[in-house]
Amino acid sequence: MTTMEVEVTMRTLYPAAAALILLLAGCSGTTTPPITEPPGTSASATPTPSPSSSATSDTEPTSPGNGSGQGAGAPDDSGRFSYVCSNLNAAVPDVTFSSLTEVWASTEYVRLASCTASFEGPLPFEPTEDEAKIISVAQPGINPSDGLDAYLMALTLCTRVSDDAASDLFGRSSRQMLQAASELCPRAPQGKVIGLWASGERAGDGEYTVANGGLVPGKFHLRKTPPEGCTWSVSASDGSIKASGGAAEGQSGIILEEKDVLTSDKCGIWEKME
């Protein structure tokens, strides 16, 4: 047999021999050893499903302002409102914020005089469930869709109100409006202060009745020394004057009883004493 014929024969026999060996190994139950991959390679991973085949996440963000936020006391983060705040220093320009959180976090917060809230849309104003609740407290009986001004006022009271502006903003707001603001932002830096005005434990310049929904009975005094010209009086329900005075007497304290009427001018803020 020539050398070429031997090579052809070997090429023919080797595949047949290899197949016979594999067949015998399978019959004897011998397990073929696993193939070890060379360093630097990794095993095939389970295929990652495409976005279209993956399950929908249960943490998808909802549309802004839908039923969450304000009623529970959380700051407004819907992007539907803005706030323009003035500084106690008139030389400092007004600053615009996009949420109550930004107002409260401002490094100038304690130097802000007051802020004004505005609605940024979309129009027409459609209140969320939480906003509607606040509006119903501020203005009972009103259609919430017509209560944008009431809601903006509640937001304004939740921003920053300095003592200088308190008589105008807190003092001249209705008890319902103050209660709405208190429910809207109990965790605001001034949340406790708003609560005092809402409960009738603080009053500003003006006329106030000691009654349910007004001032509470007790001993009141002026929080700060008022400017010159402070005058006040306490009258009974029949109009008779029970007491009157100026700054000194106001700082010492006055007694307010049920159905009394407190009238104050240029005196600043009255506060119930503990």
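Criteria and cut-off values
- Residues numbered from 1 in each chain as written.
- Predicted model: local features only at pLDDT ≥ 70, side-chain atom pairs only at ≥ 80, totals over all residues.
- Heavy atoms only, no water.
- Helix = DSSP H or I, 4+ residues; strand = E, 2+ residues; numbered from the N terminus.
- Contact = heavy atoms within 4.5 Å.
- Salt bridge = Lys/Arg side-chain N within 4 Å of Asp/Glu carboxyl O.
- Buried < 20%, exposed > 50% of the residue type's maximum accessible area, 1.4 Å probe, protein only.
- Core = buried A, V, L, I, M, F, W, Y, C linked by side-chain atoms within 4.5 Å.
- Axes fitted to C-alpha atoms, helices over the stretch in contact; angles between N-to-C directions.
- Left-handed = near helix turned anticlockwise from the far one by under 90°.
- Nonpolar A, V, L, I, M, F, W, Y, C, P; charged D, E, K, R; others polar.
- Pairing = 2+ DSSP bridges.
- Polar contact = N/O pair within 3.5 Å; in protein donor to acceptor, adjacent residues only side chain to side chain.
- Phe/Tyr/Trp six-rings, centres within 6.5 Å; stacked < 30°, edge-to-face > 60°.
- Lys NZ or Arg CZ within 6 Å of the ring centre and 35° of its normal.

Student: Got a sec to walk through the overall build of the protein? Specific residues and values, please.
Tutor: In terms of helices and strands, the protein carries eight helices and eleven strands. Partitioning the contacts of the protein with sequence separation of at least 6, the portion at a separation of at least 24 is 65%.

Student: Could you give me a rundown of the pattern of salt bridges, with the residues and numbers involved?
Tutor: The tally for this structure, following the rule as stated, stands at ten salt bridges. Between glutamate 271 and arginine 223 there is a salt bridge, and its shortest N-O distance comes to 3.8 Å. Of this pair, glutamate 271 sits in strand S11 (residues 270–272) while arginine 223 sits in the loop between strand S6 (218–222) and strand S7 (231–235), and the two are 48 residues apart along the sequence. Under the relative-accessibility criterion, glutamate 271 is labelled buried at 19%. Lysine 242 serves as the salt-bridge partner of glutamate 257, at 2.8 Å between the closest nitrogen and oxygen. With glutamate 257 in the loop between strand S9 (254–256) and strand S10 (261–265) and lysine 242 in strand S8 (residues 241–245), this residue pair connects regions lying 15 residues apart in the sequence.

Student: Describe in detail the nonpolar core, supporting the description with residues and values.
Tutor: In this structure, Phe81, Tyr83, Val103, Leu155 and Phe170 are the most contacted members of the largest nonpolar core, which totals 39 residues. Counting residues per element, this core draws most heavily on helix H4 (residues 148–157), at seven residues. When residues no more than four places from it in sequence are discounted, the contact partners of phenylalanine 81 are Asp76, Ser98, Ser118, Phe119, Glu120, Phe125, Glu131, Tyr151, Leu152 and Leu155. Core analysis: the second largest hydrophobic core is formed by 14 residues, Tyr208, Cys230, Ile254 and Cys267 among them.

Student: So what's going on with the packing of H4 against helix H6 (residues 175–184)? Which residues, and what values?
Tutor: Packing of H4 against H6 leaves a shortest axis separation of 9 Å and a crossing angle of 65 degrees. In the crossing of H4 with H6, the sense of the turn from one axis to the other is right-handed. The residues of H6 that touch H4, namely those facing Ala150, Tyr151, Met153, Ala154, Leu155 and Leu157, are Met177, Leu178, Ala181 and Leu184. Across the contact of H4 with H6, the residue classes break down as ten nonpolar, no polar and no charged.

Student: For the sheet that holds S9, give the residues involved together with the corresponding values.
Tutor: Either a parallel or an antiparallel arrangement is found when strands of a sheet pair, and the pairing is made through backbone hydrogen bonds. Sheet architecture is open: four strands sit in the order S4-S11-S6-S9, paired in antiparallel fashion. What marks the edges here is a single partner per strand, and that holds for strand S4 (202–203) and S9. When S6 meets S9, the two strands line up antiparallel, connected through three bridges. Bridge assignment links glycine 218 to a residue of S9, and that residue is leucine 256.

Student: Would you mind going over the side chain of aspartate 260 in detail, with residue names and values included?
Tutor: Along the chain, aspartate 260 falls in the loop between S9 and S10. Look at aspartate 260 and you get buried, because its relative accessible area is 3%. In terms of polar contacts, aspartate 260 uses its side chain to reach the side chain of lysine 242, at 3.0 Å.

Student: Give a description of the packing of aromatic side chains that names residues and reports values.
Tutor: Evaluated as defined, the whole model comprises five aromatic pairs. Summarising the aromatic geometry, the rings of phenylalanine 81 and phenylalanine 119 are spaced 5.5 Å apart at their centres and angled 55 degrees between planes, so their arrangement reads as tilted. Placement of the pair is phenylalanine 81 in strand S1 (residues 81–87) and phenylalanine 119 in strand S3 (residues 112–119), with a sequence separation of 38 residues. Between phenylalanine 170 and tryptophan 197, the ring centres sit 5.5 Å apart and the planes meet at 35 degrees, which makes this aromatic pair tilted. Taken together, the positions of phenylalanine 170 in the loop between helix H5 (163–169) and H6 and tryptophan 197 in helix H7 (residues 191–198) put the pair 27 residues apart, joining distant regions of the chain. Take tryptophan 197: its relative accessible area is 1%, and that puts it in the buried class. Three or more aromatic residues joined by ring pairs form one cluster here, namely Phe81, Phe119, Phe125 and Tyr151. The ring of tyrosine 109 is capped by arginine 160, whose NZ or CZ atom sits 5.6 Å from the centre of that ring.

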